[in-house]
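Chains, contacts and geometry: an overview
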Amino acid sequence: MNWEHKIDMDMVRYIVLGIAVILILAILMFNPGWKITRYDRESIEVQVVEKEIRETDGQTLYLLYCQEEDGKESIFEINQDAIGERFNPADVYKQLRKEKYYKFRVAQKEEFDSQYPCICGAVKLIDGFSEPAKAEKK
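Residues numbered from 1 in each chain as written. Predicted model: local features only at pLDDT ≥ 70, side-chain atom pairs only at ≥ 80, totals over all residues. Heavy atoms only, no water.

A closer look at the overall build of the protein
A tally of helices and strands in the protein yields 4 helices and 5 strands. The order of α-helices and β-strands along the protein, N terminus first, is α-β-β-β-α-α-β-β-α. Looking at the 138 residues of the protein, the share that counts as buried comes to 28%. A separation threshold of at least 6 residues defines the contact pool for the protein, and within that pool the share at least 24 residues apart is 54%. Total accessible area on the protein stands at roughly 10,500 Å², and carbon and sulfur atoms take up 54% of it. (Helix = DSSP H or I, 4+ residues; strand = E, 2+ residues; numbered from the N terminus. Buried < 20%, exposed > 50% of the residue type's maximum accessible area, 1.4 Å probe, protein only. Contact = heavy atoms within 4.5 Å. Areas by Shrake-Rupley, 256 points an atom, 1.4 Å probe, with all protein chains shown as cover.)

Given below as structure tokens:
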């Protein structure tokens with residue numbers, strides 16, 4: 001009789017736990033007050049034309065002035081939050097060279113509360129603009 005009582009109590013616990021999990025999931029899915037903003041990140045190829053370290057409001061900004069294959073010029077920021085914990089902005093800045101070509105992902109400035117669009121994750125050194133990128137723009 002004792003083991004039957006234990007089985008009944010275990011079953012009641014599992015049922016209560018299952019109901020609790022379903023309620024939590026329902027609240028998370030259907031609560032209109034919680035919004036998760038998803039930002040688009042695009043992968044681009046650029047040539048670094050100039051680099052600058054700028055002090056603004058007590059913050060150090062590591063900036064890259066870049067030119068895309070079509071001649072469009074852009075400024076990108078190397079931000080700690082955007083590049084991740086494995087990298088240091090100062091080290092990444094030092095490793096990137098002027099007149100070299102790179103491929104990286106770009107996040108909107110709002111995503112990381114920065115002043116310029118940010119480089120996200122790893123940066124890949126390339127030999128020049130890729131052929132598919134040239135063909136797509138024509």
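Overview of the nonpolar core
Grouped together as the largest cluster of nonpolar side chains are 17 residues, with contacts concentrated most on Leu64, Phe76, Ile78 and Phe104. Sorting the residues of this core by element identifies strand E1 (41–56), strand E2 (59–68), strand E3 (73–78), helix H3 (89–95) and strand E4 (101–107) as the ones contributing at least two each. Among all residues touching Phe104, those that are not within four sequence positions of it are Glu42, Ser43, Ile44, Val46, Phe76, Ile119, Ala122 and Val123. (Core = buried A, V, L, I, M, F, W, Y, C linked by side-chain atoms within 4.5 Å.)

A look at the pattern of salt bridges
Tallied over the full model, the rule gives 4 salt bridges. The closest approach of N and O atoms between Lys98 and Glu50, which form a salt bridge, is 3.6 Å. Of this pair, Lys98 sits in the loop between H3 and E4 while Glu50 sits in strand E1, and the two are 48 residues apart along the sequence. Note that Arg54 is salt-bridged to Glu52, the shortest N-O span being 3.2 Å. (Salt bridge = Lys/Arg side-chain N within 4 Å of Asp/Glu carboxyl O.)

Quick notes on the environment of Pro89
Looking at the secondary structure, you find Pro89 in helix H3. It is 9.3 Å that separates the C-alpha atoms of Pro89 and Glu77, two residues lying 12 residues apart in sequence. In contact with Pro89, not counting residues within four places along its chain, are Tyr62, Ile78, Asn79, Gln80 and Ile83.

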